[in-house]
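Understanding the architecture of this molecule
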Number of protein chains: 2
Amino acid sequence: MVLVIYLMVKKNIVVVLGPAGCGKTSLVASLGKWIEKNQFMKPGYVNLDPGAVFTPYVADVDIRSYVRAEEVMTRERLGPNGALIRSIEIAMGNLDDIVAKIASLKNPYILVDTPGQMELFLFRDFGVEFVEKMKKYDYVMGIVIFDPTLASRPQDILSLKLLATIAQLRLGIDTIPVVNKGDLGREKLEIMQKLLTSPEQLADEVKRVEGLLGEISEKMIQILEEYRFATRIPIVSSLTWEGLEKLYDMIHEIFCTCGDLT
Amino acid sequence: MVLVIYLMVKKNIVVVLGPAGCGKTSLVASLGKWIEKNQFMKPGYVNLDPGAVFTPYVADVDIRSYVRAEEVMTRERLGPNGALIRSIEIAMGNLDDIVAKIASLKNPYILVDTPGQMELFLFRDFGVEFVEKMKKYDYVMGIVIFDPTLASRPQDILSLKLLATIAQLRLGIDTIPVVNKGDLGREKLEIMQKLLTSPEQLADEVKRVEGLLGEISEKMIQILEEYRFATRIPIVSSLTWEGLEKLYDMIHEIFCTCGDLT
């Protein structure tokens, strides 16, 4: 009886997405350490990047047990682009096995690091099928990261919100857009913070984008705001741990409402 | 005097974007050949992918004269992800030179093939700065390609429209979303064609996406439709040249209205 109840407890799978170089791997490591230290539980770690050279966490499940992009380059005489695509194709053949391994982990939170090049996960079948299979066992949600150079103009912040919307549409999961602070100056940060937390101010700024696009952007922000969708964007730092508590609270809230946000 | 007038004639720069493996390079080659054969002018070709192994066109300007991703891997002992990012950083240092070379080409149309991994262009500074510098000399617009496996569900078609919107927002250029047909079956193609050409039908289908996301999606499609934005999505084939005339007409129309669409 105890076993039956245990098996029914679903884990929380957090898929960390974002364009190449935005700091996915560092955030997986720092968020994991933060959870361990402040929530007194050990999260599990999954690496889904066949091109990763080093990960600052010990992966419980690692796609590189099945395929390594560098080996594919040599073996199949491909360039880096071709090898990354081919690696994902190979990984697709092992997807059931990868998902089963993650499903068998006992940690309440599992942090999933995705391919360095986001599009290999988000704009190919890989991500859609991974999430679909994973959902049969556990709750799945996503974090979509931008680095600050990608979020310095009002139109970039709307782009981040739209990218989080695309991830939500394609993968069928809730997503939180996040700005990874990096070593951004205080002054620039304050301007950004205002745009990130005030949809009115963002709509006001985005109106100034040239032509029709400004009008469309303003209306899109209004819709996202109306549905309280991607309205709060936390700024986090893997270095100073700034914003990690807020991010954890948002993750926790999504899991508690169990999909009420979608 | 003749020389002065000649210098003032702007060229049309078509930047071809899309996720890894969607068929950017093939479309650049086939669209170029189509233009040559049917419009009796020779387009120029630019390759901006430092990771390209082979291009089926002869590039007039090639980023690989400055940096090759495979050499960066060896020289700087990086994995494929790191090498691609580093290659783009190196190319950034040569951007003025690259832009000047393109500006000096005499062809009325220039087709620009972008990095295999779209995010290196769209979600880093590279694309934004390239377009900004290029605009000082010539008209610039974009094509955003999805392959059919990425556009088979209604929510994927909305994702393509949103991705075209993001490209428009970040780069400040008009973009045309395109579905690259590949070897798609006739039946599947007909269903897709309906969703691609009828925003009403797409809005109807997308409503069925679970929860709030369905409602948001429906409203987003209405806004895009209201502004006649990304409403027509041509299906093209690099193999059979199907749809290339329609695509060329759309490109030509955007250049003729000279930015009236944004």
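Residues numbered from 1 in each chain as written. Chains lettered and ligands numbered in written order. Predicted model: local features only at pLDDT ≥ 70, side-chain atom pairs only at ≥ 80, totals over all residues. Heavy atoms only, no water.

- An unreviewed UniProt entry annotates chain A as AAA+ ATPase domain-containing protein originating from Thermofilum adornatum.

1. Looking at the nonpolar core
- Within the largest apolar cluster, 139 residues are counted, with the highest numbers of intra-cluster contacts made by Ile-102 and Phe-130 of chain A together with Ile-102 and Phe-130 of chain B.
- Beyond its immediate sequence surroundings of up to four residues, Phe-130 of chain A is in contact with Val-15, Leu-48, Leu-95, Val-99, Ile-102, Val-112 and Phe-121 of chain A.
- In terms of nonpolar packing, the next biggest core, distinct from the first, is built from 27 residues, Leu-31, Tyr-57, Ile-145 and Val-236 of chain A among them. (Core = buried A, V, L, I, M, F, W, Y, C linked by side-chain atoms within 4.5 Å. Buried < 20%, exposed > 50% of the residue type's maximum accessible area, 1.4 Å probe, protein only. Contact = heavy atoms within 4.5 Å.)

2. Section: the pairing of strand E1 (residues 12-17) of chain B
Residue and element names in this part refer to chain B.
- Taking burial as the measure, the 6 residues of E1 include 6 buried ones, the bulk of the element.
- Side chains of E1 alternate between two faces, with Asn-12, Val-14 and Val-16 and Ile-13, Val-15 and Leu-17 buried alike.
- As paired strands, E1 and strand E4 (residues 109-113) are joined by 5 bridges and run parallel to one another. Bridge assignment links Val-16 to a residue of E4, and that residue is Asp-113.
- Across 6 bridges, the pairing between E1 and strand E5 (residues 139-146) is parallel. Looking at the pairing, Val-14 lines up with Met-141 of E5. (Helix = DSSP H or I, 4+ residues; strand = E, 2+ residues; numbered from the N terminus. Pairing = 2+ DSSP bridges.)

3. Details of helix H11 (residues 211-226) of chain A
- The first and last C-alpha atoms of H11 of chain A sit 24 Å apart over 16 residues, in line with the 22 Å expected at 1.5 Å per residue.
- Taken as a whole, H11 of chain A has its buried residues at Leu-213, Gly-214, Ile-216, Ser-217, Glu-218, Met-220, Ile-221, Ile-223 and Leu-224 of chain A.
- Along its buried surface, H11 of chain A packs onto helix H8 (154-171) and helix H10 (199-206) of chain A together with helix H8 (154-171) and helix H11 (211-226) of chain B.
- Of the residues one or two after H11 of chain A, Arg-228 of chain A is the one with positive phi, at around 50 degrees. (Expected span 1.5 Å × (residues − 1).)

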